[in-house]
Amino acid sequence: MLCAVYRSPKRADTYLYMAHPADFSLLPETLAKSFGQPQKVMVIALNDERKLARLSIADLKQHLEDPGFYLQLPPPPENLLKKELAK
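Chemist: Teacher, can you tell me more about the overall build of the chain here?
Modeler: Helix and strand content of the chain: three helices and four strands. Overall, the chain shows an N-to-C arrangement of helices and strands of β-β-α-β-α-β-α. Taking 87 residues into account, the globule formula puts the C-alpha radius of gyration at 12 Å, and the chain, at 15 Å, lies well above it. Taken over the C-alpha atoms alone, the chain extends approximately 50 × 35 × 20 Å along its principal axes. Residues classed as buried in the chain amount to 28% of the 87 residues present. The contacts in the chain between residues at least 6 apart in sequence include a share of 57% that link residues at least 24 apart.

Next up, the structure:
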């Protein structure tokens, strides 16, 4: 299975994974508007040897089947005040 990765021109560190070739009609309208015009980053082959940083290949394949895409958001900013108070 091939997966296309797109970055958002509107939101930093936000990526959209879709089965290749991508069918953008699968995206909810609100997501499509907030994501902006997708900019292709790469196409990758999804096989068991490949490792992804934030989820497993099995989880990504499941997302690509239903709902048809995976939206990767940046990690939340670290709460330095909470960290300092915990000391």
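Chemist: Explanation requested: the sheet that holds strand S2 (residues 15-19) in the structure shown.
Modeler: Strand pairing in a sheet relies on backbone hydrogen bonds, with the paired strands running either antiparallel or parallel. Read across the open sheet, the four strands follow the order S3-S1-S2-S4; overall the sheet is antiparallel. Where the open sheet ends on each side, the last strands, each with one partner, are strand S3 (39-45) and strand S4 (70-72). Strand-to-strand twist across the sheet, computed as the mean angle between neighbouring axes with direction ignored, equals 25°. Of the pairings in the sheet, the one linking S2 to S4 comprises three bridges and is antiparallel in character. Across the sheet, Leu16 pairs through a bridge with Leu71, a residue of S4. Packed on one face of the sheet, helix H2 (residues 57-65) meets strand S1 (2-7), S2 and S4 and runs near 75° to S2.

Chemist: Any chance you could explain the environment of Phe69 here in plain terms?
Modeler: One can find Phe69 in the loop between H2 and S4. In this structure Phe69 touches Leu16, Tyr17, Met18, Leu26, Leu27, Pro28, Leu31, His63 and Leu64, once residues within four positions along its chain are discounted.

Conventions adopted
Residues numbered from 1 in each chain as written. Predicted model: local features only at pLDDT ≥ 70, side-chain atom pairs only at ≥ 80, totals over all residues. Heavy atoms only, no water. Helix = DSSP H or I, 4+ residues; strand = E, 2+ residues; numbered from the N terminus. Rg over C-alpha atoms; globule rule 2.2 N^0.38 Å. Buried < 20%, exposed > 50% of the residue type's maximum accessible area, 1.4 Å probe, protein only. Contact = heavy atoms within 4.5 Å. Pairing = 2+ DSSP bridges. Axes fitted to C-alpha atoms, helices over the stretch in contact; angles between N-to-C directions.

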